[in-house]
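# Remarks on the overall topology
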Amino acid sequence: PAWLAGLAASSLDAVALDTAADWLCSAAHLRLANALLFGGLTTWLSFRILSELHGREAGPLRIALATAALNLFPVHFFSVDLFYTDAGALAMVLLSFFLCLRARHHASAAAAAAAVLFRQTNVVWACFILAFDIHRQLNPPDRESKKQERGAGVGAEEEEEPLVRALWAVLGKAWLHRGRLVRHHWTMLALVGGFVAFVRWNGGVVVGDRESHQAVPHLAQFLYCVGAMAAAAAPTHFHPRTLLGRGKALLRGSRWAKLRAALLLAAVALVIKRFTYVHLYTLSDNRHYTFYVWRKVLGRSEATRLA
């Protein structure tokens, strides 16, 4: 769906161009290529990944609807027809994950390398895909589903292992199968190791204007994410009756529950007050939604941000 919007917008501009050479090198054509190639690839990969992960539980219609919801997400939909790195970076990350699901380990690493070339920070997703693939090999989905069915058959649900114990169990199993894992993942390990060496040699992750790209503890990003997720889930999780019920449950709850809620609110207020940063580009570039959000709402006063 996103690439259709790019096709419509870009083709109108292309009609006015004189020669084929001008058209091929024009901003309109480059935007069209970005929308068709990466927008179409992202849509296809979203459907295939959801089918791989949830094909047994969800039917084709639900997967198609989920694919449409993901690709119509405004931040992606309205930027996929721009000749910029966002769409290509996302497409390469999804391609790497899809190839990981199909056990094409070295091809997955090659796609992850392309994603890192688009955006350096995609090395985080390369590490995620590597960890996911290793865990998937050590705990195949078929074995996990049989274990769950066996637990359900005896009428008792298994308690989840503590995080630290589960992590040590995975690391121990990985050490036992280290030879096979290294054979399958040496290319992804080389990518991560090469990136670490590059950061050491370069003196940081940034390539280019370092003054405008500095790492800061911008913890308010988590609150932005939670706010966006809450807004998306509002129709199903924030019905007035539900909110009223939760409010009554909190008032009737124990002192410890009330203390936890108060501590959480205090932590949120501290994050907003001490760890909110606004980038110079946000304040100066009116092409972005965040410019208007900050100018009209968040930037008006500290009281507005706390509210």
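Above this text is the structure in question.
The text that follows walks through the structure, step by step, so that each part is easy to find. Here the structure is a predicted model, which means the values were calculated and not measured.

## Here we look at the overall build of the chain
Along the backbone of the chain there are 18 helices and 0 strands. Relative to its 307 residues, the chain shows a buried fraction of 26%. Contacts in the chain between residues at least 24 apart in sequence constitute 68% of all its contacts with a sequence separation of at least 6. As displayed, the chain offers around 21,300 Å² of accessible surface, 67% of which is attributable to carbon and sulfur atoms.

## So, the packing of aromatic side chains
Within this structure, the stated rule accounts for 8 aromatic pairs. Ring geometry for F97 and F132: centres 5.1 Å apart, planes at 65 degrees, overall edge-to-face. In this pair, F97 sits in helix α6 (residues 85–101) while F132 sits in helix α8 (residues 123–138), placing the two residues 35 residues apart along the sequence. Given a relative accessible area of 12%, F97 falls into the buried group. Judged by relative accessible area, F132 falls into the partly exposed class, the value being 23%. Across the ring face of W175, the terminal group of R178 is positioned such that the distance to the ring centre comes to 4.2 Å.

## Observations concerning the environment of G204
Residue placement: G204 occurs in the loop between α11 (178–202) and α12 (220–232). Here G204 falls in the buried class, since its relative accessible area comes to 18%. If we ignore the near neighbours within four places in the chain, the residues touching G204 are F198 and V199.

## Digging into the pattern of salt bridges
Per the counting criterion, the structure on display carries 2 salt bridges. Between E52 and R102 there is a salt bridge, with its nearest N and O atoms 3.7 Å apart. Residue E52 is located in helix α3 (residues 27–54), and its partner R102 is located in the loop between α6 and α7 (105–118); the two are separated by 50 residues in the primary sequence. One salt bridge in this structure joins R119 and D86, with 2.6 Å as the shortest N-O distance. Of the two residues, R119 is situated in the loop between α7 and α8 and D86 in helix α6; the sequence distance between them amounts to 33 residues. Residue class for R119 comes out partly exposed when judged on its relative accessible area of 27%. Exposure remark for D86: the relative accessible area of 32% places this residue in the partly exposed category.

## Regarding a nonpolar patch on the surface
On the surface, F78, Y289, V293 and V297 cluster together to form a nonpolar patch covering roughly 410 Å² of accessible area. Among the secondary structure elements, V297 is positioned in helix α17 (residues 289–298). On the accessibility criterion, V297 (41% relative accessible area) is partly exposed.

## Here's the deal with the side chain of S108
With respect to the helices and strands, S108 occurs in helix α7. When residues no more than four places from it in sequence are discounted, the contact partners of S108 are S96, L99, C100, I129 and M188.

## Description of the environment of P217
Following the sequence through the fold, P217 ends up in the loop between α11 and α12. When the C-alpha atoms of P217 and F275 are compared, they prove to be 6.4 Å apart, with 58 residues separating the residues in sequence.

The rules we used
- Residues numbered from 1 in each chain as written.
- Predicted model: local features only at pLDDT ≥ 70, side-chain atom pairs only at ≥ 80, totals over all residues.
- Heavy atoms only, no water.
- Helix = DSSP H or I, 4+ residues; strand = E, 2+ residues; numbered from the N terminus.
- Buried < 20%, exposed > 50% of the residue type's maximum accessible area, 1.4 Å probe, protein only.
- Contact = heavy atoms within 4.5 Å.
- Areas by Shrake-Rupley, 256 points an atom, 1.4 Å probe, with all protein chains shown as cover.
- Phe/Tyr/Trp six-rings, centres within 6.5 Å; stacked < 30°, edge-to-face > 60°.
- Lys NZ or Arg CZ within 6 Å of the ring centre and 35° of its normal.
- Salt bridge = Lys/Arg side-chain N within 4 Å of Asp/Glu carboxyl O.
- Patch = residues over 30% accessible without salt bridge, like charges linked within 9 Å, V, L, I, M, F, W, Y side chains within 5 Å.

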